[in-house]
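So the chains spell out like this:
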Amino acid sequence: MAEKRRSGGTSGMSESKPTKTDTEREFLSQAGVGELLRGALLKMVEARSEDPMGFLADHFCNQASEAENGTGGCCSDGDLLNLGAGAHEQQQLSRALWHLRLAHHSQRSAFSNNVRVAYDLLTQTGPQRRGAVGPSGPAGQCSSNSPGGGVRGRLYTHTLQCLCSEGGVPVSTSAPLLRRLHCQDHEAVPYDIFRHGVLTCAVFSDYIRRAQRLYAEVCGPAEGPAGRTLCLAVLGTLHEALETSRSNEAKVSRYLEASAKISPGKLAQAMAGAEPAGGNMDAKEFEDAAAELFIARVRVVC
Amino acid sequence: MSVNTVPCTVKPTVTLQIGDAETDSSRPGVYVIDVTLPIGQTVNIQEISFKNYYTAYVSVRLLRRDGEGAAKWTTCLRNHCLMPSPHTEEGSQDYCSVYRQQMLIEPDNVTSVRLILRQPSSAWLNFSVEDIKIHPCLNEDSEWDIPDWLSDLTQVDQLCDLQGLPDPQTVSSSIQQMWALTEVMQTNQTTASIGRFDVDGCYDINLLSFT
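Numbers given for residues are sequential positions, taken from 1 along each chain in its written order. Lettering for chains starts from A, numbering for ligands starts from 1, and both go in the order in which the items are written. With the structure being a predicted model, the display of local features is reserved for residues of pLDDT at least 70 and the display and counting of side-chain atom pairs for 80 or more, all residues being used for whole-chain, interface and lining totals. The basis for the side-chain values is all heavy atoms of the structure; hydrogens and waters are excluded.

What follows is about the overall build of chain A. Under the DSSP-based scheme used, a helix requires at least four consecutive residues in state H or I and a strand at least two consecutive residues in state E, with every element numbered from the N terminus. A tally of helices and strands in chain A yields 13 helices and four strands. Between two residues, a contact is recorded if the distance between any of their heavy atoms is within 4.5 Å. Long-range contacts, defined as pairs at least 24 residues apart, comprise 74% of the intrachain contacts of chain A with a sequence gap of at least 6. For chain A, the computed accessible surface area is about 16,300 Å², with 56% contributed by carbon and sulfur atoms. Only the protein chains shown count as cover for residues, with accessible areas throughout obtained via the Shrake-Rupley method and a probe of 1.4 Å.

Here's what the structure looks like:
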């Protein structure tokens, strides 16, 4: 729709058209639509989801409810706060999980940003102080520092459990890992530990999926379970490689040496050397054995 | 050509000619250049390099110190040809190297090197060699030890007895990814602590007072 601007001309016509352009532009800048759209597009580029329409719908929903809660939490009275605490927490958790799902952990900077956003979201939950309602009023949001100075332990554990289960890891397999990352319910989890826990769970779910695929490969085209000695031989090479690259110096030669231990030639040798007798190993046992290799190297939170 | 050279002194050339040097006006056809190492130092020569300047033939003699300390001159290179035809330009300004393998004797424990230059052609006013450098032997095992695992690499093709076993390539690929994921997790561990004060799960006041 081309708008013609007339330098002089009849007063009636020329006045209405420039004002119309100005009002539209003014309207857009006042509403902050440019910022909204830019934020949405940036998030979309980071996440690269397969369903752009659904992603944008989710994004705008989240933004809307965050904006609501920001002012709503301050202005509402005591009853609403107490009733809504559980539901509010659940909502924040699901929102934080949505953020954490946006980028894969290999996209390091996007993932770190999302962890930061999720951490900030989760530190806002919990009972807000009564005193905070008065001074801040409807003008701004509530202070983002929760009384504890971190994410509550219970919420942190719940986040990790959700991450593991969404990643396809059965509860029994992830239980030893969560024991290592566990924080007490009442404790306040600082950002570093939160990030460590989230990243470990994300990497662990990838690891378990890989292990499941590996079991299928070791079984081969045969229908039944794989031989025990064969599985142990294969996992043994992984164990050796992890032991070799364990040194704190992280010398390149150690990585090369470790990778030489899991080359196709070495694996062929290990598999050929495995005796055929010795029973079978089912998928669950294989998964647990592989998980144990990973979990043994996770630092316990203390 | 190795970069490291041994510091040595090149003495001025000495001409060898028949008759009296001052009265005889013909140009000499033989020059001798001595290259000495600092007193007390010996070298195991890997290579002698120089730039030729119209020298046709070169002989090299070495002063070697043997076990008892006595020094002996021996010829290690006899009439090595630098210019295929002494009257023509070919090879006249080449950069040359004499290697250990070309020498008649082992050039070890050398204290002095003598280069005997010959140019039978009268076409050239002058001849010599320039920029003489002596390169010592490098120690075999000084810097890098070849690790054992490098010589232990096996190829998949070498093992043909893989019937009934899963494909090593796909299995190896999965194992490598699992290894990489574990390494990612390990390198991103945090050293931060949550700051607990309990001793063995207990917050006993008496225990806390000692921390």
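Here we come to the overall build of chain B. Assigned secondary structure in chain B consists of two helices and nine strands. Starting at the N terminus, the α and β elements of chain B follow one another as β-β-β-β-β-β-β-β-β-α-α. Every one of the 211 residues in chain B was classed for burial, and the buried ones make up 36%. For chain B, the proportion of contacts with a sequence separation of at least 24, taken over those separated by at least 6, is 75%. As presented, chain B carries roughly 13,100 Å² of accessible surface, and 52% of it is formed by carbon and sulfur atoms. In this scheme, a residue with accessible area under 20% of its type's maximum is buried, one over 50% is exposed, and one in between is partly exposed, where area comes from a 1.4 Å probe on protein chains only.

Before going further, it helps to examine the pattern of salt bridges. Here a salt bridge means any side-chain nitrogen of Lys or Arg lying within 4 Å of a carboxyl oxygen belonging to Asp or Glu. All told, the structure shown has 13 salt bridges over all chains when counted by the stated rule. Here Arg228 of chain A ties to Glu285 of chain A by a salt bridge, and the two come within 3.0 Å at their closest N and O atoms. Taken as a pair, Arg228 of chain A in helix α10 (residues 228-244) and Glu285 of chain A in helix α13 (residues 283-295) lie far apart in primary sequence, 57 residues in all. In this structure, the salt-bridge partner of Asp288 of chain A is Lys284 of chain A, at a minimum N-O distance of 3.0 Å. Within this pair, Asp288 of chain A and its partner Lys284 of chain A are both found in helix α13, separated by four residues, close to a single helical turn. On the basis of relative accessibility, which here comes to 32%, the residue Lys284 of chain A falls in the partly exposed class. Where salt bridges share partners, they join Arg100, Glu106 and Asp108 of chain B into one cluster.

Let us now look at the side chain of Thr159 of chain A. Here Thr159 of chain A shows up in helix α7 (residues 153-166). Apart from residues no more than four positions distant in its own chain, Thr159 of chain A is found in contact with Leu93, Leu97, Leu100 and Leu122 of chain A.

A separate point is the packing of α10 of chain A against helix α11 (residues 252-261) of chain A. All names here are of chain A. It is at 8 Å that the axes of α10 and α11 come closest, and there the two elements cross at 175°. Of the possible angle classes, the one that applies to α10 and α11 is roughly antiparallel. Here Thr237, Glu240, Ala241 and Thr244 of α10 come into contact with α11, specifically with Arg254, Glu257, Ala258 and Lys261. Gly is placed with the polar residues, together with every amino acid not listed as nonpolar (Ala, Val, Leu, Ile, Met, Phe, Trp, Tyr, Cys and Pro) or charged (Asp, Glu, Lys and Arg). Here the contact of α10 with α11 is built from residues that sort into two nonpolar, two polar and four charged. For helices, the axis comes from a line fit to the C-alpha atoms of the stretch in contact; other axes are also lines fit to C-alpha atoms, and the angle between any two N-to-C directions lies between 0 and 180 degrees. Angle categories: roughly parallel below 35 degrees, roughly antiparallel above 145, roughly perpendicular from 65 to 115, and oblique for all the rest.

This brings us to the packing of helix α9 (residues 191-219) of chain A against helix α1 (residues 168-187) of chain B. Working note: a packed helix pair is described by the angle between its axes plus the distance between those axes. In contact at an axis separation of 10 Å, α9 of chain A and α1 of chain B are set at 165° when each is read in the N-to-C sense. In terms of their interaxial angle, α9 of chain A and α1 of chain B are classed as roughly antiparallel. For the crossing formed where α9 of chain A meets α1 of chain B, the hand is left-handed. Residues Thr200, Val203, Asp206, Tyr207, Arg210, Ala211, Leu214 and Glu217 of chain A of α9 of chain A form the contact with α1 of chain B, whose own contacting residues are Thr170, Val171, Ser174, Ile175, Gln177, Met178, Leu181, Thr182, Val184 and Met185 of chain B. Of the residues that constitute the contact of α9 of chain A with α1 of chain B, the class distribution is ten nonpolar, five polar and three charged. Crossings are assigned a handedness: left-handed for a near helix turned anticlockwise from the far helix by less than a right angle, right-handed for a clockwise turn.

Below, the discussion takes up the confidence of the model for chain B. Should pLDDT be low for a region, the predicted coordinates there are not to be read in detail. Residue and element names in this part refer to chain B. Along the chain, pLDDT gives the predictor's confidence residue by residue, from 0 to 100. Looking at chain B, the pLDDT average stands at 82 and 82% of residues meet or exceed 70. When pLDDT is averaged over each element of chain B, strand β7 (residues 95-99) comes out on top at 93 and helix α2 (residues 205-208) at the bottom at 66. For this predicted complex, the interface confidence reaches an ipTM of 0.73, while the overall pTM sits at 0.59.

On to the nonpolar core, then. With 70 residues, the main nonpolar core has Tyr156, Phe194 and Tyr207 of chain A as its most contacted residues. In terms of residue count, the dominant contributor to this core is α9 of chain A (16 residues). Discounting residues that sit within four places of it in the chain, Phe194 of chain A has contacts with Val115, Tyr119, Leu122, Val151, Tyr156 and Val189 of chain A. Judged by nonpolar contacts, the second largest core, of 29 residues, contains Leu62, Val110, Leu115 and Leu117 of chain B. The set of buried Ala, Val, Leu, Ile, Met, Phe, Trp, Tyr and Cys residues whose side-chain atoms join them within 4.5 Å is what this entry labels a nonpolar core.

A few words now on the side chain of Arg297 of chain A. Within the fold, Arg297 of chain A resides in the segment after α13. By relative accessible area, Arg297 of chain A is classed as buried at 11%. Leave out the neighbours within four places in its chain, and Arg297 of chain A touches His239, Leu242 and Glu243 of chain A together with Thr182, Met185, Gln186 and Gln189 of chain B.

Attention shifts here to a nonpolar patch on the surface. Like-charged residues within 9 Å of one another, or nonpolar side chains (Val, Leu, Ile, Met, Phe, Trp, Tyr) within 5 Å, are grouped into patches, provided each residue has over 30% relative accessible area and no salt bridge. Residues Leu36, Leu37 and Phe60 of chain A make up a contiguous nonpolar surface patch of about 270 Å² in total accessible area. Following the sequence through the fold, Leu37 of chain A ends up in helix α2 (residues 33-47).

So, on to unusual backbone geometry. Residue and element names in this part refer to chain B. Residue Asn79 is not a glycine yet carries a positive backbone phi of 50°. Relative to the assigned elements, Asn79 resides in strand β6 (residues 71-81). Backbone geometry at Asp131 places phi at a positive 55°, although glycine is not the residue there. Within the element layout of this structure, Asp131 appears in strand β9 (residues 128-136).

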